[in-house]
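Listed here are the chains, written in short residue letters.
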Amino acid sequence: MAELEKPFKETKQRVEQECMEKASIISDTKKYQREIRYVGVYNAEIYAKYYSSPKKRLLIFLSLFLITLAYGLDNSVRNTYQTLATSAYSKNSLLATVNCIEQVLSAASQIWFARAADLFGRPIILFIVTLCYVVGTAIQCQAYNIASYSIGSCIYAIGYSGAILICEVYVADFSNLNWRVVAGAGHILPNVIITWVGGNIAGSINDRWKWGIGMWAFLFPISVIPLTLCIFHMNYLANYNNEPLKSIWIVPSGTTRRNYFFNIFFWELNLVGSVLVIVILGLILIPLTLGGGLTERWQTAGILTPEILGWVIAIPLYVIWESKCATCPLMPWKVVKDRGVWSPLLISLFMEFAFGMQSTYLVTFLLVAVNQTKFSATRINRLFSFVSVLTGFAFGFVVVKVRKTKQFIIIGIAIWFVAFGLLEKYCGGEESLIKIIIAVCLLGLGNGFMKYPAKTSIQACVMTHDMIALATSLTLALNNVGKAFASAVSGAIWTNVLSNELKRKFQNDENLAKLIFQKPIKFIRLYRWDSEERQVVVKLYSHVWRLLMIVGLVLLVPLLLSSLFLRSQRLGDVVSYDQVIEEK
């Protein structure tokens, strides 16, 4: 028995040592004393104490399930409505730019919401997120031109990304580390339902896009009601038992109200750091997406200048501010330099980067080069999410017993190597359909082994509860960065290679080449599968698709290398490892 307990004791001693080394982040004392710095984290732990029974925890996760079902179903059908909405306006040139801004706002707002949730409390941020979601949706459904629709779309994007973040934060607050994978995958189980019913709901709305968007202005707040009731109940239990809850709005003695709130909103919330994050993401991601892979656009000052400013000026400014000036850095260097933190962040980046190489044009490829219907192509594309969520949830119960994640993340990456290999080999023709379906399912299987364990790994390695929300937001932000990189690189390959090949093959019919490139759906309606023109296009699509898959395979190499630097952390029965010291 002593031999069995020895590895656990050694791990516990190492964890205690790391907590003590990192204690300077939240305390200036030489002797480690657990001090919860943020009001939101302190109150969250009080709430969790009164909802510690399995039945009450189940209520929390059922509430999160309803919220995820609402925003997930809305997002799955809103893309269809957006196409109908933009076609109703006579001018849609602004849409591409707005989509880029949405991506930047989503990444940056999640980081801000994470720090604000720690400072002001989870309930306040839940209210702000819901308000942004409702206001943005209301503006969209009542928009009279593309400009007003775009404003609503940006506000909605902030609310939507905030909803994702706040759900992830509540998952971390109410689950122990060894159960974190189950909880993380469990609250997004609605994706299993959405995979099969999303298209039917979008089809039932038909052309009434204003109603299709507007109905979520009251459906989403309804989905938030159960969680709100749980919060009120936890607050009541705390007050009933004379448990002191903290409030950030109470000005401590010895300081003026003006100085106190300036310190909160400028220094504690790290206003300058948050603005610099928005600037960096905007300067880097927007040109990447708008460049669209067109060589002549990459050569213009409008694309190159912001990229240079982002990498050469904005990022160094951010590093200087965070290391020299900020009293409350968004991510302290003592935490970032830990390989248990930066390696999961790199995994988040390269995972989305590699995945985007096949997902960006998968539906188009299935329609044109595999002769699938729109319904079939959409369902195949959604298989990834379906398999991923089920795998993550089921695999989470294994993690509960094993209490390790590193080995499984590496297994997930190995599965992706197999999946990309299948996609590279079987790249066109009706006979490749079954292999492509298998490959997409394998991608979902591998993602279930990677995504949720990687998130749990970084939450374990930041050690303190104060850092969990911010670490989670950085993971989500790097997911968005990876998507932007994937969009730029896949767009560059698809646009340049395909357009040049089409010009070469159809040099005597430029109009046909233009039709194939710009309107592939119309082309497949005009030219049957067995026509000569269609078979030529199938070969061209297969060539471009193979190039995309080769790039995806190459990106799996840094993904694998990043996983090797993960800490093989033992997941304990605590929300964060600083609680280990407190209990001791």
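Residues numbered from 1 in each chain as written. Predicted model: local features only at pLDDT ≥ 70, side-chain atom pairs only at ≥ 80, totals over all residues. Heavy atoms only, no water.

Attention now goes to the pattern of salt bridges. This structure, assessed with the given rule, holds nine salt bridges. Two residues, lysine 455 and glutamate 168, come together in a salt bridge whose shortest N-O distance is 2.9 Å. One end of the pair, lysine 455, is in helix H20 (residues 433–461); the other, glutamate 168, is in helix H6 (residues 146–173), and 287 residues separate them in sequence. For glutamate 168, a relative accessible area of 8% translates into the label buried. Notably, a salt bridge pairs arginine 504 with glutamate 501, separated by 2.6 Å at the nearest N-O pair. In this pair, arginine 504 and glutamate 501 are both assigned in helix H21 (residues 468–505), three residues apart and thus about one turn of the helix distant. For arginine 504, a relative accessible area of 48% translates into the label partly exposed. Look at the salt bridges and you will find they share partners, linking Asp118, Arg122 and Asp173 into a network. (Salt bridge = Lys/Arg side-chain N within 4 Å of Asp/Glu carboxyl O. Helix = DSSP H or I, 4+ residues; strand = E, 2+ residues; numbered from the N terminus. Buried < 20%, exposed > 50% of the residue type's maximum accessible area, 1.4 Å probe, protein only.)

In this model helix H2 (residues 39–50) runs 17 Å from its N-terminal to its C-terminal C-alpha over twelve residues, within 8% of the 16 Å that 1.5 Å per residue would give. When you tally the buried positions in H2, you get eleven out of twelve residues, the bulk of the element. (Expected span 1.5 Å × (residues − 1).)

So, about the nonpolar core. Core analysis: the largest hydrophobic core is formed by 158 residues, its most contacted members being Tyr71, Phe174, Trp416 and Leu559. For this core, the element with the most residues is H21, which contributes 16 residues. Leave out the neighbours within four places in its chain, and tyrosine 71 touches Tyr133, Tyr160, Ala163, Ile164, Cys167, His187 and Phe220. (Core = buried A, V, L, I, M, F, W, Y, C linked by side-chain atoms within 4.5 Å. Contact = heavy atoms within 4.5 Å.)

Let's shift gears to a nonpolar patch on the surface. Judged by side-chain polarity, Leu304, Ile308, Leu309, Trp311, Val312, Ile313 and Leu317 come together as a nonpolar surface patch covering roughly 650 Å² of accessible area. Following the sequence through the fold, leucine 304 ends up in helix H14 (residues 301–325). Taking the relative accessible area as the measure of exposure, leucine 304 reaches 38% and is therefore partly exposed. (Patch = residues over 30% accessible without salt bridge, like charges linked within 9 Å, V, L, I, M, F, W, Y side chains within 5 Å. Areas by Shrake-Rupley, 256 points an atom, 1.4 Å probe, with all protein chains shown as cover.)

Within the chain, arginine 403 stands out as a residue other than glycine whose phi angle is a positive 65°. Along the chain, the position of arginine 403 falls in the loop between helix H18 (374–402) and helix H19 (406–425). In this model, methionine 463 sits at a positive phi of 70°, which is unusual for a non-glycine residue. By relative accessible area, which is 1% here, methionine 463 ends up buried.

Glancing now at the packing of aromatic side chains. Counted by the stated rule, this structure contains 29 aromatic pairs. Residues phenylalanine 393 and phenylalanine 397 carry aromatic rings whose centres are separated by 5.3 Å and whose planes lie at 85° to one another, so their mutual orientation is edge-to-face. Here phenylalanine 397 and phenylalanine 393 lie together in helix H18, a separation of four residues that amounts to about one turn. In this structure phenylalanine 397 comes out as partly exposed when scored by relative accessible area, which is 39%. An aromatic cluster is built from Tyr71, Tyr133, Tyr156, Tyr160 and Phe220, whose rings are joined through pairwise contacts. The ring centre of tyrosine 156 lies 3.7 Å from the NZ or CZ of arginine 78, which sits over that ring. Between the NZ or CZ atom of lysine 435 and the centre of the ring of tyrosine 426, over which it lies, the distance is 5.3 Å. (Phe/Tyr/Trp six-rings, centres within 6.5 Å; stacked < 30°, edge-to-face > 60°. Lys NZ or Arg CZ within 6 Å of the ring centre and 35° of its normal.)

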